[in-house]
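# Tertiary structure, described
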Amino acid sequence: MEDLAARVQSKLLEGLAHQQNGRLDDAEVAYRQVLALEPRHFDALHLSGVIAAQRQDSAGAATLISQAIAVNPQHAGAHYNLGYALEDLRQFAAAVASYDRAIALQSDHAVAYNNRGVALSALREHAAAVASFDRALALDPAYADALYNRGVALGELGQHRAAAQSFAAALQLAPDYPFLLGMWLYARLRVCDWDGLDGNLACLADNLAAGLAVTPPWPMLSLSGSGMLQRAAAETWARGKYAAAPTPPRRGPRGKIRLGYFSADFRIHPVALLAAGLFEVHDRGAFEVIAFSFGPDTGDDMRKRLEKAFDRFIDVANKTDAEITALARAEGIDIAIDLGGYTTDSRAGIFAGRAAPIQVNYLGYPGTMGADFIDYIVADEVVVPPSHRLFYAEKIAAVPIFQVNDRAGHGGEITLTRAACGLPETGFVYCCFNNSFKITPAVFDTWMGILKAVDGSVLFLFADTEEAKDNLRQSAVRAGVEATRLVFGGRVAANEYVARLRLSDLFLDTLPFNGGTTASDALWAGLPVLTQIGESFAGRMAASLLTAVGLEPLVTATPDAYAALAMELGRNPDRIAGLREKLAAQRLTSRLFDVSHFRRHIEEAYRQMIARSDAGLPPDHISVGIR
């Protein structure tokens, strides 16, 4: 017995030495030898599970660590490691339970509290997550990970000022923490806190130009209008987060082309509201259309409509990225269309694993994904003219208009009075219902100049936090404009939102991040939109919409031209009336709101992608229906 115990201990120590030096294969051999001698050896089982986790085999890790816990249920580290593996398997409730057991055994386990908070956030229990991060920080006040994760959870709760403070504290501790600077600046934009913003943006741009990981891609759409900086941010993110798999082989002789649309937003959400009609009218003689839904099942009317719109609607919310990729391959998906990009709850890892031979970035994310696993981005020649292709890692699939605009089922019309919305009975109403993070100091200064130049005018804004309203009012007063000339509205039902738009006289767009859905909503409501065209996709969306509906004169090129036209229209009711009449006449005959027109062109683009792939050719720029 002593000889057996000595052999077991010797092999265990050998495995530990190999594992500590990164020789995982040798360590695994040693642990197997231990288990051959003593099948229920806790350390060998536990450490074998840790090796499996290091190799991204989370299922194997969970199995081995669970076996170890069966031997010794009093080991806090094993429960923690099991929670980590379960979290990676997207078994978040089970992960929280494992972290709870680890904490019960070791009450000062700050890392367990932090990871527990991450799992709770994944379950959308953000308030509980914040409490867990707070406990981690009480144990370790210098815990930058917990501060960062706390900021993310606070943002999900709409507590953007507190989120910014959490990010700022993390920056103090770890100035080089990956992607933190952009998150801090974005949280501040959410409440229109612009103090020192210019210097911060210059620092951000310098760091991006140097190849540093300082911001996720999404905040860059608001923080900078530079196409090259947006691409740099996306490429840095993609390199740091994903390892692209080889492209799967092309499917053999096919009948219908199989399209897979992937989204977390198959519910009442701007992406679904825009695209539902497309899914319904796809040519079923040529295409099979399959949804892969990894968002919540809200059970709302849009979710029910979409479940019927697809040939098959597959709920994959509880599957890992690798499992979804494998399922898409098993389904023989020819073209995988990512409707989320880098937006909330997106799952770019599905595409990094190569769900299909052809992968497309469309609609949800108005910018490059900067990833070698995305082949095409759907655009038009306004949002991405040929001279701007260098800003995109993808090849451009150009159609006559990039944005599909379904307008069915958006609720019955209602009528509101100005008084009901806090607006004056007389005077010109400018409005902007873009999110507050799209309002920059430069845009706001231009707006204040417009209000000062047009007597009796007001600006009707969307703001969903009191902090944003307060900061905008204070900025207005500093610019010499009475705070009462800003009127705010929060989130409302779709029909009330459209009624608000109809009370307004002119929609003032933002830059560098234009309105997309909001601009098309305004045009559908009969409200002219004034925009300044930028360089990036996000900064050219409204110009595309206005071009498609025949209102190109409302696309300006400079801040001065934008302001001058806004002032002229505010002083000239006849011209505004003329624009409204033109919009009313062209709204239903233009390509902007013609889903069938869009469907024909996107389907031809898909066919051309397939033709290149079947011919063994790499992706290249495609142009369909462009005059």
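Residues numbered from 1 in each chain as written. Predicted model: local features only at pLDDT ≥ 70, side-chain atom pairs only at ≥ 80, totals over all residues. Heavy atoms only, no water.

For the rest of this paragraph, the subject is the overall build of the protein chain. Counting its secondary structure elements, the protein chain contains 26 helices and 14 strands. Rg of the C-alpha trace for the protein chain: 27 Å, near the compact-globule value of 25 Å for 627 residues, within the 12% margin. Relative to its full complement of 627 residues, the protein chain shows a buried share of 56%. Within the structure as shown, the protein chain displays about 25000 Å² of accessible surface, and the carbon and sulfur contribution to it stands at 51%. Side-chain charges of the protein chain comprise 59 positive and 70 negative groups, with the mean position of each set lying 4 Å from the other. (Helix = DSSP H or I, 4+ residues; strand = E, 2+ residues; numbered from the N terminus. Rg over C-alpha atoms; globule rule 2.2 N^0.38 Å. Buried < 20%, exposed > 50% of the residue type's maximum accessible area, 1.4 Å probe, protein only. Areas by Shrake-Rupley, 256 points an atom, 1.4 Å probe, with all protein chains shown as cover. Lys, Arg positive; Asp, Glu negative; His and termini not counted. Charge placed at Lys NZ, Arg CZ, Asp CG, Glu CD.)

This part takes up the sheet that holds strand 8 (residues 429-432). With parallel pairing, six strands are arranged side by side in an open sheet as 10-9-8-11-12-13. Strand pairing shows two members of the sheet lacking a second neighbour, strand 10 (486-489) and strand 13 (555-556), which therefore form its edges. Bridging between strand 9 (residues 458-462) and strand 10 involves four bridges; their strand directions are parallel. Within strand 10, the position partnered with Phe462 by the bridge is Gly489. (Pairing = 2+ DSSP bridges.)

Of all the eleven residues making up helix 11 (residues 180-190), eleven are buried; the element is thus mostly covered by neighbouring parts of the structure. Those residues of helix 11 that sit buried are Leu180, Leu181, Gly182, Met183, Trp184, Leu185, Tyr186, Ala187, Arg188, Leu189 and Arg190. Two residues or fewer after helix 11 comes Cys192, characterised by a positive phi angle close to 55°.

Another aspect to go through is the packing of aromatic side chains. Enumeration according to the criterion identifies 31 aromatic pairs in this entry. An aromatic cluster is defined as three or more aromatic residues linked by ring pairs; in this entry it consists of Phe179, Tyr186, Trp218, Trp237, Tyr342, Tyr365, Phe437 and Phe513. The cationic tip of Lys438 hangs over the ring face of Phe513; the distance from NZ or CZ to the ring centre is 4.0 Å. (Phe/Tyr/Trp six-rings, centres within 6.5 Å; stacked < 30°, edge-to-face > 60°. Lys NZ or Arg CZ within 6 Å of the ring centre and 35° of its normal.)

Another point: the sheet that holds strand 3 (residues 312-315). Read from one edge to the other, the open sheet built from eight strands follows the order 3-2-1-4-5-6-7-14, with strand pairing classed as parallel. Looking at which strands have only one partner, the edges of the open sheet turn out to be strand 3 and strand 14 (622-623). Here helix 17 (residues 321-330) sits on the sheet and contacts strand 1 (257-263), strand 2 (287-293) and strand 3; the angle it forms with strand 2, its principal contact strand, is near 165°. (Contact = heavy atoms within 4.5 Å. Axes fitted to C-alpha atoms, helices over the stretch in contact; angles between N-to-C directions.)

What follows concerns the nonpolar core. Soluble, globular proteins show a tendency: their nonpolar side chains are buried together. Of all hydrophobic cores here, the largest spans 177 residues; its most connected members are Phe262, Tyr430, Trp447, Leu508 and Leu523. With eight residues, the single largest contributor to this core is helix 11. Not counting chain neighbours up to four residues away, the residues in contact with Leu523 comprise Val529, Leu545, Leu546, Val549, Leu551, Leu583, Arg587, Leu592 and Phe593. Among the nonpolar cores identified, the runner-up in size contains 41 residues, and Ala272, Ala276, Ala291 and Tyr376 belong to it. (Core = buried A, V, L, I, M, F, W, Y, C linked by side-chain atoms within 4.5 Å.)

The end-to-end C-alpha separation of helix 10 (residues 160-173) is 20 Å, in line with the 20 Å expected for 14 residues at 1.5 Å each. Looking at helix 10, one finds that the buried residues are His160, Ala163, Ala164, Ser166, Phe167, Ala170 and Leu171. Taken around the axis of helix 10, the buried residues stretch over an arc of 160°, which confines them to a single face. Along helix 10, exposed side chains directed more than 90 degrees from the buried face belong to Gln165 and Gln172. For helix 10, the elements touching its buried residues are helix 9 (144-156) and helix 11. (Expected span 1.5 Å × (residues − 1). Arc of directions from axis to C-beta.)

On to the packing of helix 24 (residues 559-571) against helix 25 (residues 573-586), then. Two elements in contact, helix 24 and helix 25, have axes whose closest approach is 5 Å; the angle formed by their N-to-C orientations is 100°. The angle between the axes of helix 24 and helix 25 places the two elements in the roughly perpendicular class. Contacts from Leu565, Glu568, Leu569 and Arg571 of helix 24 reach helix 25 at Pro573, Arg575, Ile576 and Leu579. Grouping the constituent residues of the contact of helix 24 with helix 25 by class yields five nonpolar, no polar and three charged. (Parallel < 35°, antiparallel > 145°, perpendicular 65-115°, else oblique. Nonpolar A, V, L, I, M, F, W, Y, C, P; charged D, E, K, R; others polar.)

As a further point, take the side chain of Asp300. With respect to the secondary-structure elements, Asp300 resides in the loop between strand 2 and helix 16 (301-309). When sequence neighbours within four positions are dropped, the list of residues in contact with Asp300 reads Arg267 and Ile268.

Turning next to the pairing of strand 6 (residues 376-379). Along strand 6, one buried face is formed by Tyr376 and Val378 and the opposite face, lined by Ile377 and Ala379, is buried too. With two bridges connecting them, strand 5 (residues 358-361) and strand 6 associate as parallel partners. Bridge pairing links Val360 to Tyr376 in strand 6. Across four bridges, the pairing between strand 6 and strand 7 (residues 395-398) is parallel.

The subject of this paragraph is the packing of helix 9 against helix 10. Their axes nearest at 8 Å, the elements helix 9 and helix 10 cross at an angle of 165°. Between helix 9 and helix 10, the interaxial angle falls into the category roughly antiparallel. Along this stretch, helix 9 crosses helix 10, giving a crossing that reads as left-handed. Contact residues: helix 9 offers Ala144, Leu147, Tyr148, Arg150, Gly151, Val152, Leu154 and Gly155, while helix 10 offers His160, Ala162, Ala163, Ser166, Phe167, Ala169, Ala170 and Leu173. A per-class count over the contact of helix 9 with helix 10 returns eleven nonpolar, four polar and one charged. (Left-handed = near helix turned anticlockwise from the far one by under 90°.)

A few words now on the pairing of strand 10. Side chains Leu486 and Phe488 of strand 10 all project onto a buried face; the interleaved residues Val487 and Gly489 project onto the opposite face, where all are buried too. What joins strand 9 to strand 10 is helix 20 (residues 466-478), and the crossover it makes is right-handed. (Right-handed = clockwise from strand over helix to strand, strands pointing away.)

The amide bond that connects Leu511 to the next residue, Pro512, takes the cis arrangement and shows omega of 20°. Tracing the chain through its elements places Pro512 in the loop between strand 11 (506-508) and helix 22 (517-524). Not every positive phi belongs to a glycine, and Cys192 is a case in point at roughly 55°. Its place among the elements puts Cys192 in the loop between helix 11 and helix 12 (197-209).

Turning our eyes to something else, we now look at the pattern of salt bridges. Following the criterion strictly, the structure yields 31 salt bridges and no others. Between Asp321 and Arg347 there is a salt bridge whose closest N-O contact spans 2.6 Å. Pair noted here: Asp321 is in helix 17 and Arg347 is in the loop between strand 4 (335-338) and helix 18 (348-352), with a separation of 26 residues, a long-range link. The exposure class assigned to Arg347 is buried, which follows from its relative accessible area of 6%. Here Glu603 makes a salt bridge to Arg599, at a shortest N to O gap of 3.2 Å. Of this pair, Glu603 and Arg599 both sit in helix 26 (residues 595-614), four residues apart, which is roughly one turn of that helix. Here Glu603 matches Arg599 in class, with each residue buried. One network of salt bridges, with partners in common, ties together Asp25, Glu28, Arg32 and Arg55. (Salt bridge = Lys/Arg side-chain N within 4 Å of Asp/Glu carboxyl O.)

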